[in-house]
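Commentary on secondary and tertiary structure
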Amino acid sequence: MTKSRPERRSWAEPYKIKMVERLKMTTPAQRKQAMETAGFNTFLLLSEDVYIDLLTDSGTSAMSDYQWAGMMMGDESYSGSQNFYNLEANIKKHYGYEYIIPTHQGRGAEHLLSKICIKPGDFVPGNMYFTTTRLHQELAGGTFVDIIVDEAHDPMNLNPFKGNVDLQKLEDLILRVGADKIPYVSVAATVNMAGGQPISMENLRAVHTYCQTHNIKIMLDATRAVENSYFIQQREVGYADKSVAEILKEFCSYTDGCTMSGKKDLLVNIGGFLAINDTKIYEEARNLVVVYEGMHTYGGLAGRDMEAMSRGIEEAVQDDHIRARVGQVEYLGDKLIEWGVPIVRPVGGHAVYLDAKMFLPHLTQDQFPAQTLAAELYIDSGVRSMERGIVSAGRDLKTGKHHYPKLELVRLTIPRRVYTQAHIDVTVESILDVFERREEISGLEMVYEPKYLRFFQSRFIRL
Ligand code: F0G
C-alpha cells in the first residue's frame, strides 16, 4: 500500500547556513549531575552542558552576514556615531516614533520610562505583567494592574487575540483611582507571559481612542511587535493583503512611544531602545540616559551593536523571515497538540508553553510544577526550557506573599534562525517520553531565594 502524499509545504527557511557552532553531547548521568549542581534551576546550568537551548529567544538569534558586515562598520566615536543615525532612521521608518534613545537592552529603556513617568501612588494598567517591566514600575512607586482579557488566563481558550486589553477593566480602574493617577497604559505585543499571544489592531485602536478621551498615554512594549504584526496579517480581517512592515507601522501609530528589547524581534545579541513622541519625556530621557546607560547617541551600546540592530530591523520586518520564524514555533506546537501534550493554545509567536498544571496534576503549585518539569526535560535530553509560573511571578513587594499566577507554564522558546527542524523533532520526542512517565515525577522545594527576580537565581531540592 502506498502512503498518501503529504500536503505540500510551500516554504522553508529563507536562508542557508554559512557557519556552525558545535554542541557537546552529554549522557543522562552527566545531565542529572549538572541539574543537581544547578539547584534544579535551568538558568544556573552551564550552557556547554545544554544540547538544545530553548531557555529564551532573547539575544540568542543568529545574525546574518549582512549584520556581521555591519559590525565591521562600527563607528566607535564617543558621540555622534554614524551607526546611531542609521539606527534612528530605521526605527523612524519602521516604527514611526519621533525620538529614540538607545539602551543596553529592554530593561534599560523600562527603567528610564518608569522613572520619568511614574510617581509614587500611581497605577500602571497593562495587558498582563512582564517580570522586568512590572518591577521597574513598582520600583518607581507604581502599582501594576492587570487589564488583559480573561481568556488570556485560560490555556485552552482558542481566541486568536488573547493579548487584547479588556476595556471594561481599564474603565473600572479609571473610575476607582482617577485618570490622573494613570501615567500610561502599558501594552505588550505579543504578550510573553500569556504564551506569546497577540493583541489585535482593532483592540489597540479602541484602546487608543478610549485613552485619548482621558488624556492617558499608551506605551508599547514593542519587543515582539513584528511577530504580533504577523499574527494580525494572518488572523485579522482586512490585513491579509498588507505587508508585516505596513501593519507594524499602523500598529505603532496608536501608541505614544515604546520600550524595546532588540534581543528578540531585531535579531541581535544585545541592544534595546526607548522611542517616544513626546518632546518633554524625550528631553528627560536624554538627560537620564547619561546617568544610567551612557551618552544619548550610544546608551550603553557599541557603535557596531547599533549597526547590527539597525540592520536587524530591516531583516525582521520581511514577510518571508517572519513567516518562517513563527512557522517553526507552530511546527513544534502542532506536533505536541497531535500527541495530546497540554500546551497553551493557540501557539504563540516565540515559544510553545507546556501547561505544567495539566502535565503534572499530582503536584500542588507550592511544589513548583513548572520548575520541576523544566528540570525533568533537561535531564531527559539536554533540552533547556524555562519556568514561567509561581517562581517567575515572585512575591508581592508589600505583603511578601507568593503571587499565585493562574498559568503554571514551561516555556520552550525558539531562538531565531538557530535550530533545524530535526532539533525540533528531538525536542518533541523528549517531551513525549517525559509525558509518558509523568506520574513518577516528584516536586521541588525552594531552598534559596533572592529578593528580586528570583527565578534567575533561586535553588531547589527534590521532595
Ligand atoms: N519585555 C518583554 C516582553 C520581554 O520578553 C523582555 C525580556 C523584556 C521586556 C526585557 O528585555 O531582557 O532586553 O532587558 N524577555 C526575556 C525572555 C528575558 O526570556 O523572555 P531585556
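Calculation rules
By convention here, each chain's residues receive numbers from 1 onward along its written sequence. Note on the predicted model: pLDDT of at least 70 is required for a residue's local features to be given, and 80 or more for side-chain atom pairs to be given and counted; whole-chain, interface and lining totals, by contrast, use all residues. Note that the side-chain values use all heavy atoms of the structure and ignore hydrogens as well as water. Secondary structure follows DSSP: runs of H or I at least 4 residues long count as helices, runs of E at least 2 residues long count as strands, and numbering of each begins at the N terminus. The buried label applies to any residue whose accessible area, calculated with a 1.4 Å probe on protein chains only, is under 20% of its type's maximum; exposed applies above 50%, and partly exposed to all values in between. Here, two residues are considered to be in contact whenever any of their heavy atoms come within 4.5 Å of each other. Reported accessibility uses the Shrake-Rupley method at a 1.4 Å probe radius. Residues are deemed covered only where the shown protein chains occlude them. One bridge is not enough; two strands pair if DSSP finds at least two bridges between them. In this text, near means that some heavy atom of the residue lies within 4 Å of the molecule or strand in question. Think of a polar contact as two N or O atoms within 3.5 Å of one another; within protein, one of them needs to be a possible hydrogen donor and the other a possible acceptor, and neighboring residues in sequence only count if both atoms come from side chains. Throughout this description, the term nonpolar core refers to a set of buried Ala, Val, Leu, Ile, Met, Phe, Trp, Tyr and Cys residues connected via side-chain atoms within 4.5 Å. Ring pairs are drawn from Phe, Tyr and Trp, using the six-membered ring of Trp, whenever the two centres fall within 6.5 Å, and their geometry is named by plane angle: stacked under 30 degrees, edge-to-face over 60, tilted for the rest. Each ring is checked for a lysine NZ or an arginine CZ that lies within 6 Å of its centre and within 35 degrees of its normal; such an atom marks a charge sitting over the ring. Where each domain begins and ends follows an automated or database-derived domain assignment. Buried area counts how much accessible surface, traced with a 1.4 Å probe, disappears from two parts once they are put together, with both parts' losses summed. In the sections that follow, a salt bridge refers to a side-chain nitrogen of Lys or Arg positioned within 4 Å of a carboxyl oxygen of Asp or Glu. When residues are grouped by polarity, Ala, Val, Leu, Ile, Met, Phe, Trp, Tyr, Cys and Pro land in nonpolar, Asp, Glu, Lys and Arg in charged, and all others, Gly among them, in polar.

**Remarks on the overall build of the protein chain**
- Along the protein chain, the regular secondary structure elements total 16 helices and 14 strands.
- Summarising its shape, the C-alpha atoms of the protein chain cover approximately 65 × 50 × 45 Å along the three principal directions.
- Counting over 463 residues, the protein chain shows a buried share of 58%.
- In the protein chain, the share of contacts with a sequence separation of at least 24, taken over all contacts with a separation of at least 6, comes to 73%.
- Put simply, the protein chain shows about 20,000 Å² of open surface, and 51% of that area lies on carbon and sulfur atoms.

**Thoughts on the environment of V145**
- Tracing the backbone through its elements, the reader meets V145 in strand 4 (residues 143-146).
- If sequence neighbours within four positions are ignored, V145 has contacts with F123, V124, P125, G126 and L173.

**Thoughts on the pairing of strand 9 (residues 351-355)**
- For strand 9, the buried fraction is high: 5 of the 5 residues fall into the buried class.
- By the bridge criterion, 5 bridges tie strand 9 to strand 12 (residues 409-413) in an arrangement that is antiparallel. Bridge assignment links A351 to a residue of strand 12, and that residue is T413.

**Quick look at the site of the ligand**
- Taken together, the neighbourhood of the ligand is formed by 17 residues, with T56, D221, S261, K264 and R411 sitting nearest.
- In the environment of the ligand, an oxygen atom lies 2.8 Å from a nitrogen or oxygen atom belonging to the side chain of N192.
- The separation between a nitrogen atom of the ligand and a polar side-chain atom of K264 is 3.0 Å.
- Contact with the protein chains hides 95% of the accessible area of the ligand, taken as 470 Å² for the molecule alone.
- Here the shell around the ligand takes 3 residues from helix 4 (residues 106-117), the largest share from any one element.

**Here's the deal with the nonpolar core**
- Among the nonpolar cores identified, the biggest contains 60 residues, and Y95, V187, L220, V226, F251, L266 and F273 are the most heavily contacted of them.
- Sequence-distant contacts of L266, defined by excluding residues within four places in its chain, comprise Q67, Y95, M260, F273, M309, G312, I313 and A316.
- Membership of the second largest hydrophobic core comes to 32 residues, among which are L354, L373, L412 and I441.

**Section: helix 8 (residues 225-235)**
- Burial of helix 8 is extensive: 9 of the 11 residues sit out of reach of the surface.
- Tucked into the core, helix 8 has its buried residues touching helix 7 (201-214), helix 9 (244-253), helix 11 (303-316) and helix 12 (319-338).

**Details of the packing of aromatic side chains**
- Using the criterion set out here, one finds 10 aromatic pairs in the structure.
- With a centroid separation of 4.3 Å and an interplanar angle of 10 degrees, the aromatic rings of Y99 and Y282 are classed as stacked. Placement of the pair is Y99 in strand 2 (residues 99-103) and Y282 in helix 10 (residues 279-292), with a sequence separation of 183 residues.
- By relative accessible area, which is 22% here, Y99 ends up partly exposed.
- Where F359 meets F435, the ring centres are 4.9 Å apart and the plane angle is 65 degrees; that geometry is what we call edge-to-face. With F359 in helix 13 (residues 356-359) and F435 in helix 16 (residues 421-436), this pair connects stretches of sequence that are 76 residues apart. Each member of the pair, F359 as well as F435, is classed as buried.
- Members of the aromatic cluster, each reached through a chain of ring pairs, are F43, F455 and F456.
- Lying across the ring of F455, R388 places its NZ or CZ 4.7 Å from the centre.
- If you follow R438 out to its NZ or CZ, it ends over the ring of F435, 3.9 Å from the centre.

**A few points about the domain arrangement of the protein chain**
- According to the domain assignment, the protein chain contains domain 1 (28-57 + 319-462) and domain 2 (65-316).
- With 35 residues of domain 1 at the interface, the matching set in domain 2 holds 43 residues.
- Regarding the contact of domain 1 and domain 2, the summed buried area is about 3,000 Å², with carbon and sulfur atoms giving 58% of it.
- Of the charged contacts in the structure, one is a salt bridge between E227 and R325, with a shortest N-O distance of 2.7 Å.
- At the surface where domain 1 touches domain 2, the tally comes to 16 residue pairs in polar contact (both at pLDDT 80 or more).
- Elements with a minimum of two residues in the side of domain 1 that touches domain 2: helix 12, strand 9, helix 15 (390-393) and strand 12.
- Ranked by the residues each element gives to the side of domain 1 that touches domain 2, the list is headed by helix 12, at 7 residues.
- Residue composition of the side of domain 1 that touches domain 2, grouped by class: 16 nonpolar, 6 polar and 13 charged.

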